[in-house]
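Observations on the three-dimensional arrangement
Okay, here's what each chain looks like letter by letter:
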Amino acid sequence: MERTLISETPQSVGQIVKLKGWVNIRRDHGKLIFIDLRDRSGMIQMVIIPDKEEAYKVAKDVRNEFVIEVEGLVKQRPGGATKEGSATGGVEIEVEKMAVISQPEDVLPLDVSENDMNVNLDTLLNLRHLTLRNKKIKSIFKVYAEVINAYAKIMNREEFTEIKTPKILNSATEGGANFFKIKYFEKEAFLAQSPQFYKQAGAGIFERVFEIGTVFRAEPHFTTRHVNEYTSLDAEMAFIDGFEDVMDELEKVMKFMMESVNEHCREELAMFGAEILPVKSIPRIKLTEALSILEKEYGKKMEEVDIDAEGERMICEWARKNYDSDFVFLTHYPSAIRPFYSMPSADPQYTETFDLLFMGVEIASGGQRIHDYNQLISSIKKHKLNPDDFEHYLDIFKYGMPPHGGWGLGSERIVQKILGLGSIKEAILFPRDVKRLTP
Ligand code: ATP
Ligand code: MG
């Protein structure tokens, strides 16, 4: 008999089906044994009565997380749906045959059958192989997958070519200190902390490129929004008239992404009590303007023309209040705090760059890049870097490069914010932080 998925059982009422999956929970009521079976498609309640002697004998030894195979009759359930978090309502299985496919080696260190597990972050991450099986925790990654999927879909639709760029680099480009050094045969090499240079090269070839790729940041952060390995949603586009074009495009992307999650992850959003506001036109305000709003309305004064995490939270609150928007663009960051490749504004103290904030945190940085070879060399020097170290990067601009710009968008922060997760690490299957390299 072919395997039936749990989600398909309502179409098979009155028939015998074969199911395979994990025992989410087993409960005994007098002589009856109840098992909630879990597979990739959902959960269903099964009942095993003593009359089915062989199945009953197997069921008596079955515990949570056993992998089993059953054959049984699909029956309409009296009363329909059950309490939230237990088996799928509507139908149940009256088991005829049962076999154990695989069983836990040990007593489970944790019960993952309840929707809300109430464990601390360390336990959640230490026992990741098990905790990820919990319905609610697993659902985070359904949302994550939707975010990634929607990004690829909209970028393709917008005629961006998907590329993959190298993650092992010869030098620590961009002059940052946040590179991991690795041993590369006889030499040393570095792990990419952004696909920046290669996606710009891509824009010089394909006009429009995007990448969904891993980036590594050797930042000794202990925050709720930083990890040392994350997945960046990058894009770069050529023949722009200005960095507004880049923001227009990113706005389109976020709108599509939020609509997709809303449409395809209803149950997941509901489990977290999450609500996604429709994305209209995203307000764009200059960083300097934002700073005076912070000062006037929140009594917060920044020492320099820059914004910190608290300021970002406040500006998002302000945008929500004044524009009914969970998103806000901050624009025109000072050149001193932007990379050397950033296009200067008419007032060269500032740059044609932006950050996109979402529900209190920065989720993307982007802007227009310098495309003129000589201008780039002088900007490298202005940033106290040596053009000789950028030989291969500069080659991109030697042979004709159109005006272009793009963004780097953190995928995990999006999911963290949508679902209201305390830490970004909850939105990563196996996160890497300063202290954590396992599991
Ligand atoms: P922050 O100021 O929050 O540390 P950043 O400005 O250093 O971020 P960028 O280099 O602009 O980060 O990277 C683009 C995007 O990548 C960020 O907006 C964010 O969404 C994501 N990102 C950056 N660093 C991390 C990190 N350490 N962990 C997770 N996501 C990150
Ligand atoms: Mg940034």
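The rules behind these values
Residues numbered from 1 in each chain as written. Chains lettered and ligands numbered in written order. Predicted model: local features only at pLDDT ≥ 70, side-chain atom pairs only at ≥ 80, totals over all residues. Heavy atoms only, no water. Helix = DSSP H or I, 4+ residues; strand = E, 2+ residues; numbered from the N terminus. Buried < 20%, exposed > 50% of the residue type's maximum accessible area, 1.4 Å probe, protein only. Areas by Shrake-Rupley, 256 points an atom, 1.4 Å probe, with all protein chains shown as cover. Lys, Arg positive; Asp, Glu negative; His and termini not counted. Charge placed at Lys NZ, Arg CZ, Asp CG, Glu CD. Donors = N, O, S within 2.8 Å, 3.2 Å for Na, K, Ca; no water. Salt bridge = Lys/Arg side-chain N within 4 Å of Asp/Glu carboxyl O. Polar contact = N/O pair within 3.5 Å; in protein donor to acceptor, adjacent residues only side chain to side chain. Contact = heavy atoms within 4.5 Å. Near = heavy atom within 4 Å. 1 Å grid on protein atoms, 1.4 Å probe; cavity = no way out; pocket = protein on both sides within 12 Å on 5 of 7 lines; lining within 4 Å. Sits in = over half its atoms within 2 Å of the grid points. Nonpolar A, V, L, I, M, F, W, Y, C, P; charged D, E, K, R; others polar. Phe/Tyr/Trp six-rings, centres within 6.5 Å; stacked < 30°, edge-to-face > 60°. Lys NZ or Arg CZ within 6 Å of the ring centre and 35° of its normal. Domains from an automatic or database assignment. Buried area = accessible area lost by both parts, 1.4 Å probe.

Let us look at the overall build of the protein. Scanning the protein from N- to C-terminus turns up twelve helices and 16 strands. Along the first, second and third principal axes, the C-alpha set of the protein runs to 85 × 55 × 40 Å. The proportion of buried residues among the 439 residues of the protein is 52%. With an accessible surface of roughly 21,500 Å², the protein has 50% of that area assigned to carbon and sulfur atoms. Treating the 57 positive side-chain charges of the protein as one cloud and the 70 negative ones as another, the clouds have centres 4 Å apart.

This part covers the coordination of the magnesium ion (ligand 2). Surrounding the magnesium ion (ligand 2) are the protein donor atoms Glu-362 (OE) and Ser-365 (OG), at 2.1 to 2.2 Å. Judged by its relative accessible area of 24%, Glu-362 falls in the partly exposed class. Residue Ser-365 is classed as partly exposed on the basis of its relative accessible area, which comes to 24%.

Another point: the pattern of salt bridges. For the structure shown, the criterion picks out 33 salt bridges. Across the pair Lys-136 and Asp-116 runs a salt bridge whose closest N-O atoms are separated by 2.8 Å. Linking Lys-136 in helix 4 (residues 135-157) with Asp-116 in the loop between strand 5 (88-102) and helix 2 (121-126), this pair joins segments that are 20 residues apart in sequence. Judged by its relative accessible area of 55%, Asp-116 falls in the exposed class. Each of the salt bridges in this network shares a partner with another, and the network as a whole consists of Lys-199, Asp-234, Glu-236 and Arg-369.

Structurally, the position occupied by Glu-211 is in strand 10 (residues 208-216). Separated by 2.8 Å, the side chains of Glu-211 and Lys-167 make a polar contact. If near-sequence neighbours (up to four positions away) are discounted, Glu-211 is found in contact with Tyr-151, Ile-163, Lys-164, Thr-165, Lys-167, Pro-195, Ser-232, Leu-233 and Asp-234.

Here we come to the site of ligand 1. The full set close to ligand 1 counts 14 residues, and His-226, Val-227, Glu-362, Ile-363 and Ser-365 are the nearest of them. Here an oxygen atom of ligand 1 and a backbone polar atom of Gly-410 are 3.2 Å apart. Expressed as a share of its isolated accessible area of 590 Å², the protein-covered part of ligand 1 is 81%. Taking a 2 Å distance to the grid points as the criterion, the majority of the atoms of ligand 1 fall inside the largest pocket. When contributions to the shell around ligand 1 are tallied by element, the ones reaching two or more residues are strand 15 (361-369) and strand 16 (404-410). Grouping the amino acids of the shell around ligand 1 by side-chain chemistry returns five nonpolar, four polar and five charged.

Evaluated as defined, the whole model comprises 14 aromatic pairs. For the pair Phe-197 and Tyr-393, a centre-to-centre distance of 3.8 Å together with 20° between the ring planes defines the contact as stacked. Taken together, the residues span a long stretch of sequence, with Phe-197 in helix 5 (residues 196-206) and Tyr-393 in helix 11 (residues 391-395) at a distance of 196 residues. Comparing Phe-197 with Tyr-393, the two get one shared label, buried. An aromatic cluster is present here, built from Phe-197, Phe-340, Tyr-341, Phe-390, Tyr-393 and Phe-397 joined pairwise through their rings. Across the ring face of Phe-272, the terminal group of Lys-136 is positioned such that the distance to the ring centre comes to 4.8 Å. Against the face of Tyr-333 rests Arg-338, its NZ or CZ located 4.2 Å from the ring centre.

It is worth spelling out the domain arrangement of the protein at this point. According to the domain assignment, the protein consists of domain 1 (6-102) and domain 2 (130-427). Between domain 1 and domain 2, the residue contacts involve six residues of the former and five residues of the latter. Carbon and sulfur atoms make up 47% of the surface buried where domain 1 meets domain 2, a total of about 410 Å² over both sides. In this assembly, domain 1 and domain 2 are joined by one salt bridge.

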